[in-house]
Structure formats: structure tokens, C-alpha cells
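Chain residues, written in single-letter form:
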Amino acid sequence: MSFFKKLKDRFVKGEEEQQESTSQNEPKNESLEEADSFNPYTGEAYKGGEVVYSKAEEEERLRKESLESEGKSLEGETETYEDKLDRLSVPAEPMDDVSVASKFKKGLEKTRTSFSTKINDLVAKYRTVDEDFFEELEEILISADVGVNTVMEMIDELEMEVKRRNIKDTSQVKEVISEKLVEIYYGNDEAEEVEGLNENPDGPTVYLFVGVNGVGKTTTIGKLAHRLKSEGKKVTLAAGDTFRAGAIEQLDAWGERAGVNVIKHSAGSDPAAVIYDGIQSAKSRNADVLICDTAGRLQNKVNLMNELSKVKRVIEREIPNAPHEVLLVLDATTGQNAMSQAKTFSEATDVSGIVLTKLDGTAKGGIVLAIRKELSIPVKLVGLGEKVTDLEPFDAQAFVYGLFADMVEEFDEEEGENQA
Ligand SMILES: Nc1nc2c(ncn2[C@@H]2O[C@H](COP(=O)(O)OP(=O)(O)OP(=O)(O)O)[C@@H](O)[C@H]2O)c(=O)[nH]1
Ligand SMILES: [Mg+2]
């Protein structure tokens, strides 16, 4: 089957179906329907600056209704704050492929615009596939931060495939490029499956987040907490960045937004002690997941690496086989610099997965491939924007769809051409 067709079948639905699927995800409330904006953090909707809907109030109203229908009164009810937060979390509907793909499409807009313009120009310039064509394609891929070695591999594979399929016309190469991008990403891993986060079946799963300052650790932890919580999981956060001013408060605010428990000590205290307390709390509350935030900067790099190793040892000692992921957060907009960060952190903490943030902020989204190939560490999550819902498990097919969305969507009209 043609690869564009495969992507189209998976990620593009008929318009009717699409409308149906979006309307399902929206909360149903009249005042919400007439609102002109909605803040996912506060759960409030506004019309002309006025709050016309509050998720918290709506949930309180529904709770009263359900208690009353059970014949219980609100008075004398002894509900802890944590129980309340757990109860208020409404499990979100699982995201289908189409909504995931539309997030990738939106988040990769900058890369797509730059990349597909260049590819289209290239195809227009060279009608037939020859050496000059491949040379220019090589430059385009390198300029998208795909990474030199990966580009070389990619070009070799493309040349072989073009020969094998006897493709002469450059317009047909676009589809082969998209297919090869996915194959190259997974390398020898035949399964080509989304590499999800490891979980601990017998007790709290522990995720340790590391990375230099400003890459998006705390934000990603907030987004992930929100996501796990809406899947019905009980989450605890540990505020292990005790160094930077305001870091504890920042995590605390995210915890509140997501409605999850945050374990914190005062600023300047020992991060390993905070993490230790986080583990004890997660165990005693029977939490499903503990997510540990850490500092991105200390007095110097050696101190930071020592501190992270110590935090990791505490986790290893308290829960066998933990941490279940050491997630290195890298900022996609820093390009090749991210590669050297990965080397430094890998030495101190055995990084198991990468979180690549701010893909929406760069036109060089090809860095995903460079990271996977040149570091041999899977990209587990990607940040596609600043909103709480803008975090997705990395899916190479959805990524490639995000890069070629226009071509995939227009595929039918071109089909005749391609087969001719
Ligand atoms: N556009 C965009 N911005 C992001 C994304 N992820 C994080 N950010 C922004 O990046 C900035 C830094 O994020 P933080 O979460 O504070 O970074 P950090 O790694 O915790 O930084 P330190 O605590 O200083 O070590 C914030 O302004 C975030 O909103 C993303 O996927 N897209
Ligand atoms: Mg932080």
C-alpha cells in the first residue's frame, strides 16, 4: 500500500466523522457554548472578559446533585482535600489517532512550512531524479537538524529505494522520503511501535526528570501529571529543585492545576531528602506514579551531576528497579547543543528516554531523528506547545504526518498521477 495512503487512513477521517470526534471532547454546557475563550489551567470560560463558566463550580454542582440523589446531605461529610481532588478528576476520553495527529500537525507547523516548501521547490527544480537532486535534498535535511550521519544513511536508503522502484519522476520521491523517515527513526526495530513510558506493576512507578535549566522539565511534569491523572492514575510530585528561586512554587502550582499531591521542603534543603519523602508518601498513599523534578543548574555542573546521581541512588535504594524512567528533557530549539547535554547527563544518570520540548518553536524538527539515531535513546514524549494538553508520546508516523500533512491530505487527487 502506498505510504501516504496508509497515513491518510490512520490520521485523516472524513469531515463528518471529524466533527463528531471534536464535539465529543468538549464539555457540554450552555454557557460554555457561548463563551469566546477557555483557559484550560483555571477551567474557566470567558465571554467579553466575564467569567461565564467555571469547571470547579460545575463539578461542585454535579457533586451536590449526585449526593442529593443518593439521599446524602453535604453537611457532616468528611472528605479530605486529596480525596476531593481524586474524585474531581474526570477520566478523559482516550485520544484517537486523528486528534493526536492534529496535535502533531499543529505543533510541527513551523518545521512543515519550511521543510515542505523546500521539498516542493526542489521537486519543481529537478524534474528527474539524479545526483544533483540528492545533493540538494541532503542539504535540506541537514538544515532541518536531522544530523549529518542520519542524513547520509537516509540518502543511501533513498537512492536504493528509488532504483528498486524504478522511480524517475521527482514528485514521487516525496512519498518515499516520508516512508524512509519513519524507517530510519526505528532503525532495526521492526515493530515500529510508539515507545511508551515504562511502568512498575508492583507499586509506585518513579519517573526522574533531568535536564539543564529552562528546557521545560517542570512544565512537562505538570503536563504529564495532568495526563496521567486524567487516565485515572494517582500521581504524586516531588519538588526536587530546591536551588532555583521560585522552583518549588512553580511545581506546586502545576500540582494544583492538575489536582495532584506535591511533596516539598523549604528552599535550599537537600533534594535527596525531598525525593526520599516523595517516595514514602507515594508508598503510603498507594500512588501509581511519583514524578521527581530536579534542578537544572547549581553552583557548577559537577555539583549538579553529583546531586542527580545521589537522588537516583536514593530512589534505587527505596524501590527495587526504580527509577522506571530517567527522562532527559531537551529543548528542540537548541539544536545540536542538545546532543552534548545528552552525553553529559547520560554519564551521571543513565538516561532511559528523551523528552523533546518546544517542537512547536522550531523550524528544525528533524532533531528528533538525530537524537534517536545518534544517541540511541528513544524519544518518549514531545512538547508541542505551552498548553497543559500539548504533550504527546512520540509517534514517528504522526510526526511524519505532521511534516507532510498537506501532501497526505491531498493524496487522493494525486493517486491517479502516482499510479500512471
Ligand atoms: N512553546 C513551548 N514552550 C514550552 C514547552 N515546554 C516548555 N515550554 C516553556 O519553556 C519555559 C521553561 O520551562 P520550565 O518548565 O520552567 O523549564 P525547567 O526545565 O523546569 O527550568 P528550570 O526550572 O529553570 O531548570 C516555560 O516558559 C515553558 O512554558 C513546549 O513544548 N512548547
Ligand atoms: Mg524547573
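In the annotation of an unreviewed UniProt entry, the protein is listed under the name Signal recognition particle receptor FtsY and assigned to Halobacillus halophilus. One UniProt comment on the protein, placed under Catalytic activity (unreviewed entry), says "GTP + H2O = GDP + phosphate + H(+)". The record held by UniProt for the protein lists under Subunit (unreviewed entry) the comment "Part of the signal recognition particle protein translocation system, which is composed of SRP and FtsY."

Caption draft 1: Representation of the site of ligand 1 within the structure. In the vicinity of ligand 1 lie 22 residues, with Gly216, Thr218, Thr219, Gly296 and Gly383 positioned nearest. Looking at the shell around ligand 1, the element that brings in the most residues is helix α11 (residues 217-230), giving three residues. Considering only residue class, the shell around ligand 1 consists of four nonpolar, eleven polar and seven charged.

Caption draft 2: Quick look at the sheet that holds strand β3 (residues 50-54). Taken in spatial order, the three strands make up an open sheet running β1-β2-β3, and their pairing is antiparallel. Strands with a single pairing partner mark the edges of an open sheet, and in this sheet they are β1 (37-39) and β3. Direction aside, the axes of adjacent strands within the sheet are offset by 30 degrees on average. Pairing of β1 with strand β2 (residues 44-47) involves three bridges; the strand directions are antiparallel.

Caption draft 3: Quick look at helix α10 (residues 173-186). Given a rise of 1.5 Å per residue, 14 residues ought to cover 20 Å, and the 20 Å separating the end C-alpha atoms of α10 matches this to within 8%. The set of residues buried in α10 consists of Val173, Lys174, Glu175, Ile177, Ser178, Glu179, Lys180, Leu181 and Tyr185. Tucked inside the fold, the buried residues of α10 contact α1 (3-11), α7 (109-125), α9 (148-164), α16 (367-375) and α17 (396-409). Downstream of α10 by one or two residues, Gly187 has phi in the positive range, about 60 degrees.

Caption draft 4: Examining the sheet that holds strand β9 (residues 353-357) more closely. Pairing in this open sheet of eight strands is mixed, and the strands run β6-β5-β7-β4-β8-β9-β10-β11 from one edge to the other. Since the sheet does not close on itself, it has two edges, and those belong to β6 (261-263) and β11 (391-393), each with one partner. Across the sheet, the mean angle from the axis of one strand to that of its neighbour is 25 degrees, orientation sign disregarded. Bridge count between strand β5 (residues 235-240) and strand β7 (residues 289-294): six bridges; the pairing is parallel. Bridged to Ala238 within β7 is Cys292. Packing of α11 onto the sheet brings it into contact with β4 (205-210), β5, β7, β8 (325-331), β9, β10 (379-383) and β11, and relative to β7 it is tilted by some 170 degrees. The strands that helix α15 (residues 337-349) touches are β4 and β8; relative to β8, the one it contacts most, it runs at about 160 degrees.

What counts and what doesn't
- Residues numbered from 1 in each chain as written.
- Chains lettered and ligands numbered in written order.
- Predicted model: local features only at pLDDT ≥ 70, side-chain atom pairs only at ≥ 80, totals over all residues.
- UniProt positions renumbered as here; feature names shortened; annotations may be inferred.
- Near = placed C-beta within 6 Å.
- Helix = DSSP H or I, 4+ residues; strand = E, 2+ residues; numbered from the N terminus.
- Nonpolar A, V, L, I, M, F, W, Y, C, P; charged D, E, K, R; others polar.
- Pairing = 2+ DSSP bridges.
- Axes fitted to C-alpha atoms, helices over the stretch in contact; angles between N-to-C directions.
- Expected span 1.5 Å × (residues − 1).
- Buried ≥ 20, exposed ≤ 12 C-beta atoms within 10 Å, placed from the backbone.
- Contact = placed C-beta atoms within 7 Å.

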